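What follows is the residue order along each chain.
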Amino acid sequence: MDRDAAFTAFLDAHQRPLLRLCYLLTGEVHLAEDLLQSVLVRMLGRWPKLRHIDNLDAYARKALVNQYISWRRRRRSGEVLSAELPERAHSSEDSAVLRIVLRQALMRLTPKQRAVLVLRFYEDRTEREVAALMGCSVGTVKSQAHHALARLRALAPELASHLPALNDDPAWNEGARR
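Residues numbered from 1 in each chain as written. Predicted model: local features only at pLDDT ≥ 70, side-chain atom pairs only at ≥ 80, totals over all residues. Heavy atoms only, no water.

An unreviewed UniProt entry annotates the protein chain as SigE family RNA polymerase sigma factor originating from Nonomuraea bangladeshensis. Per its UniProt entry, the protein chain bears the Sequence similarities (unreviewed entry) comment "Belongs to the sigma-70 factor family. ECF subfamily." (UniProt positions renumbered as here; feature names shortened; annotations may be inferred.)

This is the structure:
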């Protein structure tokens, strides 16, 4: 299989899930497309070396998370966060409203916290997998997830009943005692 055909096959198999990850990280369709494009262009340039990697999907996800965090560091100074949440609809149980509230709260987390939550809970990855994708320790993943969930509860109390409780997780309690 030639270079272009192999890369096209990779894209056909993984483009939609990678774009979904980008959207969950950035919260904006156009930024998600830009993020994915920038990583895919870099991967295409390195394709002769990359195509021999066993898990290209994991490599691409790690590259996306790293590129996203890098972009957020550069954009940090131009962004102004509001201390007040916008008005919400009357029915807090409406799933559409909850998704909007969750998205707004996620956008107020740090890039690393958002990446940990998206990888850990949306993509249902283990703490080890998230640590490998982000290039950090399992303890860092646990800590970032714990602090991110606490911040989500503070930013949007109506989400509390829908968020995982880390304090009930035996792995968290075991790690916290050490």
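Along the chain, Arg114 falls in helix 6 (residues 111-122). A polar atom in the side chain of Arg114 sits 2.6 Å from the backbone oxygen of Leu25. (Helix = DSSP H or I, 4+ residues; strand = E, 2+ residues; numbered from the N terminus. Polar contact = N/O pair within 3.5 Å; in protein donor to acceptor, adjacent residues only side chain to side chain.)

This part is about the layout of surface pockets. Looking at the largest pocket, its volume works out to about 530 Å³. Considering the residues around the largest pocket, the lining is formed by 20 residues, among which Leu24, Leu102, Arg103, Leu106 and Tyr122 are closest to the centre. Among the elements of the structure, helix 1 (3-26), helix 5 (95-107), helix 6 and helix 8 (138-155) are those that each provide at least two residues to the lining of the largest pocket. Here the residues of the lining of the largest pocket are counted per class, giving 15 nonpolar, three polar and two charged. (1 Å grid on protein atoms, 1.4 Å probe; cavity = no way out; pocket = protein on both sides within 12 Å on 5 of 7 lines; lining within 4 Å. Points joined across faces, edges and corners; volume = space filled by probe spheres on them. Nonpolar A, V, L, I, M, F, W, Y, C, P; charged D, E, K, R; others polar.)

The next thing to look at is the packing of aromatic side chains. Taken as a whole and assessed by the stated rule, the structure comprises three aromatic pairs. On the numbers, 6.4 Å between centres and 35 degrees between planes, the contact of Phe7 with Phe10 is tilted. You can see Phe7 and its partner Phe10 sitting in helix 1, three residues apart, about one turn around the helix. Of the two residues, Phe7 and Phe10, neither departs from the other in class, the shared state being buried. Each ring, one from Phe7 and one from Trp47, has its centre 5.1 Å from the other, and the planes form 80 degrees; the classification is edge-to-face. With a gap of 40 residues between them, Phe7 in helix 1 and Trp47 in helix 3 (residues 47-50) connect regions that are remote in the sequence. One exposure class covers both Phe7 and Trp47, and it is buried. (Phe/Tyr/Trp six-rings, centres within 6.5 Å; stacked < 30°, edge-to-face > 60°. Buried < 20%, exposed > 50% of the residue type's maximum accessible area, 1.4 Å probe, protein only.)

Along an α-helix, residues three or four apart share an orientation, since each turn contains 3.6 residues. Residues Glu127, Val130, Ala131, Leu133 and Met134 constitute the buried set of helix 7 (residues 127-134). Down the axis of helix 7, the smallest arc covering the buried residues is 165 degrees, so these residues share one side. The exposed residues of helix 7 that point more than 90 degrees off its buried face are Arg128 and Ala132. Directly after helix 7, the chain includes Gly135, whose backbone phi takes a positive value near 70 degrees. (Arc of directions from axis to C-beta.)

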